[in-house]
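# Notes for the structure review
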Amino acid sequence: MMVFRQFIKLTSTELRLFWREPIALFFTFIFPVFFLFMTMEIFIPADAPKEIVINYVTPSLMVLIIASTAIYGVPMTIVSYRKIKFLKRLKGSPVTPIIIMGSFGLANFIATLLGIALLVALAMGVYGASLAGSPVSFLASFVLVFLSLAAIFLFIPAVARSERTAIAISQIIFFPMMFFSGVFIPLDRLPDWIRSYISPFLPVTYGVELLQRLWLGTPFDDLTREVFILLGVLCLGLVIAARTFRWE
Amino acid sequence: MRPVITVKDLTKKYGSLRAVDGVSFAVYENEIFGIVGPNGAGKTTTVECLEGLRVPSSGSIRVLGLEPKADGYKLRQLIGIQLQEGKFPDRIKVKEALELFASFYSRSVPAGHLLEKVGLLDKADDYFDNLSGGQKQRLSIALALVNDPQVVFFDELTTGLDPQARRAMWGMVRSTREAGKTVILVTHFMEEAERLCDRVAIVDQGKIVALDTPANLIRSIDGGLRINFSVNDSGIAAQLESIEGCRLTASNRDITIQCADYRVVGEVIRILGENDCDFHDFTVSKPALEDVFLSITGKEIRE
Ligand SMILES: Nc1ncnc2c1ncn2[C@@H]1O[C@H](COP(=O)(O)OP(=O)(O)OP(=O)(O)O)[C@@H](O)[C@H]1O
Ligand SMILES: [Mg+2]
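Numbers given for residues are sequential positions, taken from 1 along each chain in its written order. Chains carry letters and ligands carry numbers; both start at the beginning, A for chains and 1 for ligands, and go up in the order they are written. Only residues with pLDDT of 70 or above have their local features reported here, since the model is predicted, and side-chain atom pairs are shown and tallied only from 80 upward, although totals for entire chains, interfaces and linings are computed over all residues. Excluded from the side-chain calculation are hydrogens and water; included are all heavy atoms of the structure.

### Re the packing of aromatic side chains
- We call Phe, Tyr and Trp rings a pair once their centres come within 6.5 Å, taking the six-membered ring for Trp, and we label the pair stacked below 30 degrees between planes, edge-to-face above 60, and tilted otherwise. Scanning the model with the defined rule gives 29 aromatic pairs over all chains in all.
- Pairing A:F26 with A:F27 gives two aromatic rings, centres 5.6 Å apart and planes at 80 degrees, and the pair type is edge-to-face.
- A 1.4 Å probe rolled over the protein chains alone gives each residue an accessible area, and that area as a share of the maximum for its type sets the label: buried under 20%, exposed over 50%, partly exposed in between. For A:F26, a relative accessible area of 37% corresponds to the partly exposed category.
- Aromatic side chains A:F174 and A:F175 sit 5.1 Å apart centroid to centroid with 90 degrees between the ring planes, which places their arrangement in the edge-to-face category.
- To sit over a ring, a charge needs its Lys NZ or Arg CZ within 6 Å of the ring centre and within 35 degrees of the ring normal. Of note, B:R91 hangs over the ring of B:Y127, and the distance from its end group to the ring centre comes to 4.2 Å.
- The ring of B:F128 has B:K136 sitting right over it, with the charged end atom 5.1 Å from the ring centre.

### Topic: the interface of chain A and chain B
- Any two residues having at least one pair of non-hydrogen atoms within 4.5 Å are treated as being in contact. Taken together, the 24 residues of chain A in the interface contact 29 residues of chain B.
- Buried area is calculated as the accessible area (1.4 Å probe) missing from two parts once they are joined, with the contributions of both summed. In this assembly, chain A packs against chain B so that about 2,600 Å² is buried in total across both faces, 61% of it on carbon and sulfur atoms.
- Of all residues in chain A, the largest losses of buried area upon contact with chain B belong to A:R20, A:R89 and A:P94, amounting jointly to 27% of the total for that side.
- For salt bridges, the criterion is a side-chain nitrogen of Lys or Arg within 4 Å of an Asp or Glu carboxyl oxygen. For the pair chain A and chain B, the interface holds four salt bridges.
- Salt-bridge contacts for B:E48 lead to A:K88; the nearest nitrogen and oxygen are separated by 2.7 Å.
- Polar contacts, as counted here, are pairs of nitrogen or oxygen atoms within 3.5 Å of one another; within protein the pair requires one atom able to donate a hydrogen and one able to accept it, and residues that are adjacent in sequence qualify only if both atoms are side-chain atoms. Connecting chain A to chain B are 13 residue pairs in polar contact (both at pLDDT 80 or more).
- Strands here mean DSSP runs of E at least two residues long; helices mean DSSP runs of H or I at least four residues long; both are numbered from the N terminus. The set of elements that each furnish at least two residues to the side of chain A that touches chain B consists of α1 (2–19) and α4 (86–91) of chain A.
- Among the elements that line the side of chain A that touches chain B, the one with the most residues is α1(A), at nine residues.

### Observations regarding the confidence of the model for chain B
Residue and element names in this part refer to chain B.
- Per-residue confidence from the prediction method is given by pLDDT, with values spanning 0 to 100. Put simply, chain B has an average pLDDT of 92, and 98% of its residues get 70 or more.
- Mean pLDDT in chain B bottoms out at helix α11 (residues 289–297), which sits at 81, and peaks at strand β6 (residues 151–155), which reaches 98.
- Across the interface, the model reports ipTM at 0.91; the global pTM reads 0.88.

### Quick look at the environment of A:S141
Residue and element names in this part refer to chain A.
- As for its placement among the helices and strands, S141 is situated in helix α6 (residues 135–152).
- The class of S141 is buried, set by a relative accessible area of 1%.
- As a C-alpha pair, S141 and L214 span 73 residues in sequence and 8.7 Å in three-dimensional space.

### So, the pattern of salt bridges
- All told, the structure shown has 23 salt bridges over all chains when counted by the stated rule.
- Salt-bridge contacts for A:E248 lead to A:K88; the nearest nitrogen and oxygen are separated by 3.1 Å. Here the residue A:E248 occupies a position in the segment after α11 (224–244), and A:K88 occupies one in helix α4, the gap between them amounting to 160 residues.
- Residue A:K88 is classed as buried on the basis of its relative accessible area of 4%.
- Measuring nitrogen to oxygen at the nearest pair gives 3.1 Å for the salt bridge that ties B:R18 to B:D21.
- Shared partners join several salt bridges into a network, and the residues in it are A:K88, A:E248, B:E48 and B:R54.

### Describing the site of ligand 1
Residue and element names in this part refer to chain B.
- For each residue, the test is whether any non-hydrogen atom lies within 4 Å of the molecule or strand; if one does, the residue is near. Close to ligand 1 lie 14 residues, the nearest being G40, K43, T44, T45 and Q84.
- Within the side chain of N39, a nitrogen or oxygen atom sits 3.0 Å from an oxygen atom of ligand 1.
- Separating an oxygen atom of ligand 1 from a side-chain N or O atom of T45 is a distance of 2.5 Å.
- Taken by itself ligand 1 offers 640 Å² of open surface, and the protein chains cover 64% of this.
- At the level of secondary structure, the elements contributing two or more residues to the shell around ligand 1 comprise β2 (17–28) and α1 (43–50).
- Looking at which element gives the most residues to the shell around ligand 1, the answer is α1, with three residues. Per-residue and other accessible areas were derived by the Shrake-Rupley procedure at a 1.4 Å probe size, with only the shown protein chains allowed to occlude residues.

### Notes on the coordination of the magnesium ion (ligand 2)
Residues and elements named next belong to chain B.
- Here the coordinating atoms are restricted to nitrogen, oxygen and sulfur within 2.8 Å of the metal centre, or 3.2 Å for Na, K and Ca, and because water is not among them the sites may look incomplete. Looking at the metal site, the magnesium ion (ligand 2) is ligated by T44 (OG1) and Q84 (OE1), spaced 1.9 to 2.1 Å from it. Here Q84 lies in the loop between β5 (79–82) and α3 (94–102) and T44 lies in helix α1, a separation of 40 residues in the sequence.
- The exposure class of Q84 is partly exposed, given its relative accessible area of 21%.

Next up, the structure:
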């Protein structure tokens, strides 16, 4: 039971710290909402049917929130905790690495979920978005997308020693990733060569694909390709992280 | 006396560098055991091997009868750690940090009690970031004691603190020992080791070059007294050197004389007076651990 108590305490502490971090709050709550309104009011053609467009926009903005947690939030936390030797101090306590990493993961997941709750509430309330598919398979897929993206970008704290390097790497990855994977711009509006030679190699692409199609009502059974690719990304991410992760 | 820690032939290599090079020692129950030495001597590497945070290249270690790497989880329940330059997240509150660490252990001291002991009771709701340097170290001490450990490791506890804060830390280290714990204290501050430690290991380039009580270490070097003063005309040095049983070193106008007894002090003053020599900042001191270090390694320790 002690393991359980450690896990809860680490998770709740981490969540409190998240709550006190203005930049993290901005990326989780403000930025996606800002982007939602920008897209709906400015980016899309004036004559486009908003009640249809919103159901494409909402799931892709969910992926935006997940990706900003995975690419910025988690790596930055790890790099800064390592730098101040907090990770090492935790390791010098009777807590297993799995508990430490698991609690970081859960805290970030909860924060992401809160950001998405706000986004979905606005999308539904203001623009009439609605989930056409099964809520259970949507939620399960959401967890999968979160886990696989969070795992694969753990390579960032493995290669970055300082916070500055981590931010630089995150920035280099984040924006192209958002543009070429269907988050900011629908895939079918991208040039052919990007769609055939770049998008398929970005894990985020499959996250957008999976969540968007489920949201629009495609049955889960028709999306096994995306699910397996994301499972593969998750395994790859965990293997790389287990081999390269540094506590100090 | 019962050894709480035994280390035999501990070696830790980083590539071709032997950071710790065949070190052996024992630490006994309820003593304050000092490890001193210059930067890069291998002090931190040594204690972090004892804490199970680094894996030795060779040698054997027992802490409270446990092998730090194999029984790490069990051992960490019983020891307290303060890391050199270890910090906590900026926005964690003092009492949150204590509650967090308390949740890790099967038994823990109540937070209020610990805060009172380290003098942070009125800072319980402050962010770590807003604490002063000394207060941050007080919190590190509290966190190292949160599980009521049998052995506590302090690594450079007072580095970077002002003299007053440093003295406050010393009081806390002493009371930790009075509470029945064994303390390993890493420092490069010789006065600290001399005042606090029951025994001191002097480490240089990965090796223990001396290990004894501070008093015995000081006794082991000859030289007895040390006279320091400055003169305006260093020409007097030649005359002073002729005093029997006196070793003189002069750098610019600062003169240092090492001698065995107080008779030489009188001689020195007499010669200075007879020659009408202007002198100032005249001090006579007994040797300290600092001098032991200098005489054994031929180097000044930093600071
Ligand atoms: N992880 C590491 N990788 C490579 N070399 C290391 C590592 N840790 C320490 N060293 C080297 O080992 C030597 C001993 O380092 P250590 O930190 O133990 O010294 P120290 O006595 O604690 O010094 P200080 O007083 O500066 O804290 C140094 O030369 C250091 O550069
Ligand atoms: Mg050190």
